[in-house]
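One-letter residues, chain by chain:
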Amino acid sequence: AQSVTQPDIHITVSEGASLELRCNYSYGATPYLFWYVQSPGQGLQLLLKYFSGDTLVQGIKGFEAEFKRSQSSFNLRKPSVHWSDAAEYFCAVGVMEYGNKLVFGAGTILRVKS
Amino acid sequence: KAGVTQTPRYLIKTRGQQVTLSCSPISGHRSVSWYQQTPGQGLQFLFEYFSETQRNKGNFPGRFSGRQFSNSRSEMNVSTLELGDSALYLCASSSVGGGMGDEQFFGPGTRLTVL
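Residues numbered from 1 in each chain as written. Chains lettered and ligands numbered in written order. Predicted model: local features only at pLDDT ≥ 70, side-chain atom pairs only at ≥ 80, totals over all residues. Heavy atoms only, no water.

Topic: the interface of chain B and chain A
As a reminder of what qualifies: A contact between two residues is defined here by any heavy atoms of the two lying within 4.5 Å. Summed over both partners, the accessible surface that disappears when two parts come together, traced with a 1.4 Å probe, is what is meant by buried area. The salt bridge definition used is simple: a Lys or Arg side-chain nitrogen within 4 Å of an Asp or Glu carboxyl oxygen. Here a polar contact means two N or O atoms within 3.5 Å. Within protein one must be a hydrogen donor candidate and the other an acceptor candidate, and residues neighboring in sequence count only if both atoms are side-chain atoms. Numbering of helices and strands starts at the N terminus; helices are DSSP runs of H or I of at least 4 residues and strands are runs of E of at least 2.
The partner chain A presents 22 residues to the 22 residues of chain B that form the contact. In this assembly, chain B packs against chain A so that about 1,800 Å² is buried in total across both faces, 54% of it on carbon and sulfur atoms. Remark: the boundary between chain B and chain A carries zero salt bridges. Our count for the chain B to chain A interface comes out at three residue pairs in polar contact (both at pLDDT 80 or more). For the side of chain B that touches chain A, the elements supplying multiple residues, two or more each, are β4 (31-38), β5 (42-50), β6 (53-57) and β9 (87-94) of chain B.

Here is the structure:
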């Protein structure tokens, strides 16, 4: 069965510091991978996605992620965190059966301290 | 373009009642998916509709149902509500193709509280 693991429930970083959020997936075929962000009381916003090709993908708000097939990982990174980045981040895998279905990780709550 | 809209935004019901939630996708989008978000179970896929047909379903009891209309608007219904149905229900739409390569755009959700 498909699954996504985000091992860190909470992460706290200082404003201006670099960030890496971890994501590991389990999926038999070539994965479609996504990172979403959710601010309190809001829906989910797509940060970036990987389908194929270059394993380093760029997203919005200065985020990037690297797909590593050998490690079944798709970690999200940002070189310098801003206070407005505080939110919950979800990694997801798109399941390759007929139709749209996303399997999400449990999420990582990012706190930014000034 | 207007985003995905969900109504109502907040809802309070009592056990045993039923509820209907509505989702209007982005104009031109034909795929609508529903997700349940709870602190304990996280984000879980409920079902997906494309051109008025359910083409994917998650592992939820039959009390959860949905439908899609010819204008792509979708409703989900939960009958015989249980306390555990309290959750944020998120709707997402994707573009005309509705394939796995299409980004899903999420609405703000409907917060359902069951007392």
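Structure shown, so let's carry the discussion forward.
So, the pairing of strand β8 (residues 74-78) of chain B
Residues and elements named next belong to chain B. Counted only if it meets this: Burial here depends on accessible area, computed with a 1.4 Å probe over protein chains only, as a share of the maximum for the residue type. Under 20% is buried, over 50% is exposed, and the range in between is partly exposed. Should DSSP find at least two bridges between two strands, the strands are taken to pair.
Here β8 lies mainly inside the structure; five of its five residues are buried. Burial along β8 is two-sided: the residues S74, M76 and V78 and E75 and N77 are all buried. Bridge count between strand β3 (residues 19-24) and β8: five bridges; the pairing is antiparallel. By the bridge assignment for β8, T20 is matched with N77. Looking at chain direction, strand β7 (residues 64-68) and β8 are connected through five bridges and run antiparallel. Counted as the bridge partner of R67 is E75 from β8. Taking the residues between adjacent antiparallel strands as the criterion, β7 and β8 are bridged by five residues, where S72 takes a positive phi near 75 degrees.

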